[in-house]
Structure formats: C-alpha cells, structure tokens
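Working through the structure, step by step
The chain contents come next:
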Amino acid sequence: MDPRIAWFQPEQRGPANNLWMHIWETTQTLGNLYFNNNCNTASAKLTSGGGDGASSNAADSSVKPKDHRGMSGSKPDTNNSSRGVGGGQVGGSRVAVVGTELPSKRKRDNKASTFGFNRNLLLTDGVEDIYIGTPWKSRNYSEGIVGLHEEIKDFYEYISPRPEEDHMRQEVVARIQRVIKDLWPNAEVEVFGSFSTGLYLPTSDIDLVVFGHWETLPLWTLEEALRKRKIADENSIKVLDKATVPIIKLTDLHTEVKVDISFNVQNGVKAAKLIKNFKQQFPVLPYLVLVLKQFLLQRELNEVFTGGIGSYSLFLMVVSFLQLHYREDVCSSNPNLGVLLIEFFELYGRHFNYLKTGIRIKDGGSYVAKDEVQKGMLDGYRPSMLYIEDPLQPGNDVGRSSYGAMQVKEAFDYAYVVLSHAVSPIAKFYPNNKSESILGRIIRVTQEVAEYRDWISAQWGQRSNNEPVLSCNGETLSLMSSNSSSPSPSSPSSSSSSSTASSSSDAVSSIHVSVQIHIFSLDTLKMLYRFSFYV
C-alpha cells in the first residue's frame, strides 16, 4: 500500500493489522539501519583515505548532527530525503523512524499532506477524543450513494473559503501591491487562479500577475524589494527565471500564504474568466473541483513542477467529463454528486486511454486522437501523456508538464475502488457504518489545517464581519459597502478610520444600538448623529 495514496479503512483495522504493521515497521527500520551503516562506513573510508575507521566514524558523528536540521534547518538533508525515511542518531549511524522526519518535512511544505496517516492510525488506535480528520461530518448520512451525495455537500460547505480567509488574502495582495506600486507606479497588478474564481482551499496559493513595460523582466528587482520590506519569509523567496513562465515564489511572513508572481502573462487572467463561465454552465463544478483538489493536495499530486496535475488541468478534466457525460442532468442544479464523483474516478482511473487519446474542451468538448495531433506538431515532438488542449490557445498542451500522470491515474483508480465498495449494499455490514465517513475514506483534513483555519478566524474574524445593518422602522440601513477591497487593517488609513469609528460609538451609545463596523465614512457619522435625535 503506497502511503502517499492510501490508508487503512475502518473494516481493515484491528489486532491483526496492528501486529503486521509493527512487523513491517521493524523490518523497515532494520533494513535502513543496515543500509545507513554501510553508507557511513564507505564514506568514512573515502574521507580518511583508508585510515582508522573508528576515528572516521567519530568525526562523522560529530559532523552529522550539525548537518541534520530537520524542521528547524533552512536546508534539508538531501542524503536523508533521498532515502525516504528519517530518524535519530545511534552510534554514529542514522536509525530510521517511520513517520517522524519525512512526514514533518512534508508537513512543513504542505499542511494538508496525509503522508504517514497509517502510522497515526496505529498509534492512536483505541484512544478516545482524538482528531479523526473529518470535521465536516456533524451528522449521520443516508445509506449508499445518497449518503455520499449529502456528505460531499457538507464537505463543500466546510472547505469553501470563509469571509475571514478571503479578507486575510486581500491583505496579502494589498501588501505586495504596495511594494510593486512603489517600484513601478504605472504597473498593474491582477489576481488570477483559484483565488479569483473562489475555488481555493485553505492552504492554496495566490497567483498574481504584474503588467508593465520592461526590457527584461524585473524578477530580481522585485525579489530584493520584497526582502527589504520583510513581506516574505527570508528562506521562502525563490526566483524561477529559467521556467517556461518565469515567476517569483514566496510565503507571506504574517499569514504563511504562498504567493506566485508572474509578469505580463495574459493567459492566467483569461483562464479565470473561462472558469467562471463554466461554473455558470455546470453548477456541480465547484463541488467536484474542491473535492478533487483536496484529494490531490493531500497526496502531493497537485504540483506541476513535481509531475502532478495543476488546478487548471484538473478543472479542464472535470469540464470534459461533464461535457461528454451521457446524462442530461449534469447541467441541473441538483444532480447526485456521489454518482458523478465515482464516475469521474472510474473514467480517469480505469477507462481513459492516456496513450492514444487527448482532451479537447472547445465546441462542446470531444476526445482527439494523439496521432492526429502529432501530425500538426513539429518533427521530434509528440503529445504528452496527459494531453489537454488549451481552449484559450489551441497549440498549447496544458498537461505537458504532468509527467506523473500515471501516479494520478493510480490514485483515481484507488478512489474508485474504495468509494464503490463503500456505497455498495454490502457496506451496511461494515462495522460502525453509520458513524464512519464515506468521503473520509479518500479525503482527510489534517489537524494542522484545521488549527490554521481556527487561527485565521481568531485573527481576522472580527475584521471580516458581514455588512452591518441598522434596522429602523422596518427598513434596513447599510453602514458599509460590502466590497471586500477596503484597506487592510495594517494600513494607516484603516487604523485611523477604525479609531474614528470607536470614538463615534460613544456618541450613539445612548440609543442602545449595537453596531459592529470596520470603517466609518464622514457621511455615515453625520447620518448616525441625525438618526440619534429621532430615536
């Protein structure tokens, strides 16, 4: 069982499973201990030139802890990461402890990663009141496929962006935009990607594009300015100037939100508009996309530069699936989401021919033969394994960088098998089938993500309240525009406005009206003052 894809299901757990897991972990530990001892001995001989092995091992043990930084170091231990396990130091050699170092390194980059989840199940077996990773499940669902449909809707409501998360991200964009405007006053900054379409997960990144006129892209100029203004974590800023689309990658210092900044790229903004149009055409799209994005994210199959499937490719795959679906109700507002999700996994996990077939979205959608596509390509080029024709630029293959498409196919196939069994008639005989989550068999929200969202709610919850209203004689009086583009709380104008609001609240306290506001305009204050005489 690949720990990146699967974990033990409720009916598979028990005393026998625990015993064999302990045996497997022991063999893994001993095998890596033997491997590491041999590597350390060989490196010691090379270092000492055939000298005393004991002194070499002593020298090696004195250097190793310095190189081994784990979570706190700025540079990962490449030797250890290539072995795929982590551990401590015993007798000058590294002892592998499954689920310790490597999962923590993955967690550092991806809060949503469920790598090592089987070990967590083993360690917490029989423990009560533990976090189980299905925070969206607050009730029991119907049996079978109807229950899965109900649970997908609950998951969507839980994982969808909250107002405070949107407000926090607006602040991140505003901080970066101020730096860019200070450098180039005439430059334009636009948001695209999942943040602009509303289809983002709690840990998704923000995609920004800067439009301006430069002889060469000022990647390093902006990178230096972001460092000086302390916008990003010092070790997180990376300039990928050799990429197909040169970008700056960073992690916001205050919020841990990841940001990708590109220059003069028009397709991203156009793609966001295309996605919004398809959302109107297929109301089920947001539900399927967020479930699938979470599915890939926690398995670390969502990054293109590591061979996974990016958000745009995944979205086009879902659109193609719905375009070519034989049921007419996929365009309705309330089809069975459980059926559609399982059929999506069945199509791309089992039936779709990746070797010979490509995906086309234009003109209502169709499949294209890769042999026909190759005829129109230059000599020596051929369609990629996951060929998806870009509807905005037909000559562009959206999936050309997804070299790990077969790993994604394997994950989809696994999900199809698990969900098909979970909604089958025999599932009613599974232990605790009423209380167990069906969707939780393939998707979990880690405790780290749940705590991160709670932290966001605590920090930004009061700032992002919905539009406050004042009821007077049956009429609703708006006190603040619902536009979320108001200045961030960290800006001077916002803080001064907030102080004005707090002072004005004393003047109207006698009317016993509780109003929670973020920014008061002068006209609003005058209106409130006049209103107090009529109460």
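Residues numbered from 1 in each chain as written. Predicted model: local features only at pLDDT ≥ 70, side-chain atom pairs only at ≥ 80, totals over all residues. Heavy atoms only, no water.

Ranked by internal contacts, the top residues of the largest apolar core, which has 72 residues, are Phe344, Phe345, Tyr348 and Leu439. When residues of this core are traced back to their parent elements, those giving at least two are helix H6 (144-159), helix H10 (267-281), helix H11 (285-298), helix H12 (311-323), helix H13 (337-351), helix H15 (405-422) and helix H16 (447-460). Ranked by size, the runner-up nonpolar core spans 31 residues in total, among them Val179, Ala187, Ile231 and Ile248. (Core = buried A, V, L, I, M, F, W, Y, C linked by side-chain atoms within 4.5 Å. Buried < 20%, exposed > 50% of the residue type's maximum accessible area, 1.4 Å probe, protein only. Helix = DSSP H or I, 4+ residues; strand = E, 2+ residues; numbered from the N terminus.)

On to the packing of aromatic side chains, then. This structure, assessed with the given rule, holds 19 aromatic pairs. Where phenylalanine 278 meets phenylalanine 315, the ring centres are 6.4 Å apart and the plane angle is 55°; that geometry is what we call tilted. Residue phenylalanine 278 is found in helix H10, and its partner phenylalanine 315 is found in helix H12; the two are separated by 37 residues along the sequence. Each member of the pair, phenylalanine 278 as well as phenylalanine 315, is classed as buried. Judged by centre distance (5.4 Å) and plane angle (75°), the ring pair of tryptophan 455 and tryptophan 460 falls under edge-to-face. Linked through ring pairs, Phe295, Phe321, Phe344, Phe345, Tyr348, Phe352, Tyr354, Tyr367 and Phe412 together constitute an aromatic cluster. Over the ring of tyrosine 452 we find lysine 111, and its NZ or CZ is 4.8 Å from the ring centre. The aromatic ring of tyrosine 158 is capped on one face by arginine 453, whose charged end is 5.0 Å from the ring centroid. (Phe/Tyr/Trp six-rings, centres within 6.5 Å; stacked < 30°, edge-to-face > 60°. Lys NZ or Arg CZ within 6 Å of the ring centre and 35° of its normal.)

Once that is clear, we can look at the pairing of strand E4 (residues 206-211). The buried fraction of E4 is high, at six of six residues. Neither face of E4 is open: one carries Ile206, Leu208 and Val210, the other Asp207, Val209 and Phe211, and all of them are buried. Note: strand E3 (residues 188-192) against E4, five bridges, orientation antiparallel. The residue of E4 that forms the bridge with valine 191 is leucine 208. (Pairing = 2+ DSSP bridges.)

Now for the pattern of salt bridges. A side chain of one charge can pair with a side chain of the opposite charge if their charged atoms are brought near each other. Following the criterion strictly, the structure yields 13 salt bridges and no others. For the salt bridge of arginine 229 with aspartate 182, the shortest nitrogen-to-oxygen distance reads 2.9 Å. A residue pair is termed long-range when its members are at least 10 positions apart, and arginine 229 in the loop between helix H9 (219-228) and strand E5 (238-240) and aspartate 182 in helix H7 (residues 163-183) qualify at 47 residues. Under the relative-accessibility criterion, arginine 229 is labelled partly exposed at 42%. For aspartate 182, a relative accessible area of 53% gives the class exposed. Across the pair arginine 350 and aspartate 413 runs a salt bridge, and its minimum N-O distance is 2.5 Å. Of this pair, arginine 350 sits in helix H13 while aspartate 413 sits in helix H15, and the two are 63 residues apart along the sequence. The exposure class of aspartate 413 is partly exposed, given its relative accessible area of 23%. (Salt bridge = Lys/Arg side-chain N within 4 Å of Asp/Glu carboxyl O.)

Our focus in this paragraph is the sheet that holds strand E6 (residues 247-251). Sheet architecture is open: five strands sit in the order E3-E4-E7-E6-E5, paired in mixed fashion. Of all the strands in the sheet, just E3 and E5 have a single pairing partner and so form its edges. Strand after strand, the sheet turns through a mean of 25° between neighbouring axes, direction not considered. Pairing analysis gives three bridges linking E5 to E6, with the strands arranged antiparallel. Each residue of the ladder has a partner; that of leucine 240, found in E6, is isoleucine 247. Sheet strands touched by H7: E3, E4, E6 and strand E7 (258-263). Its angle to E4, the strand with the most contacts, is close to 25°. (Axes fitted to C-alpha atoms, helices over the stretch in contact; angles between N-to-C directions. Contact = heavy atoms within 4.5 Å.)

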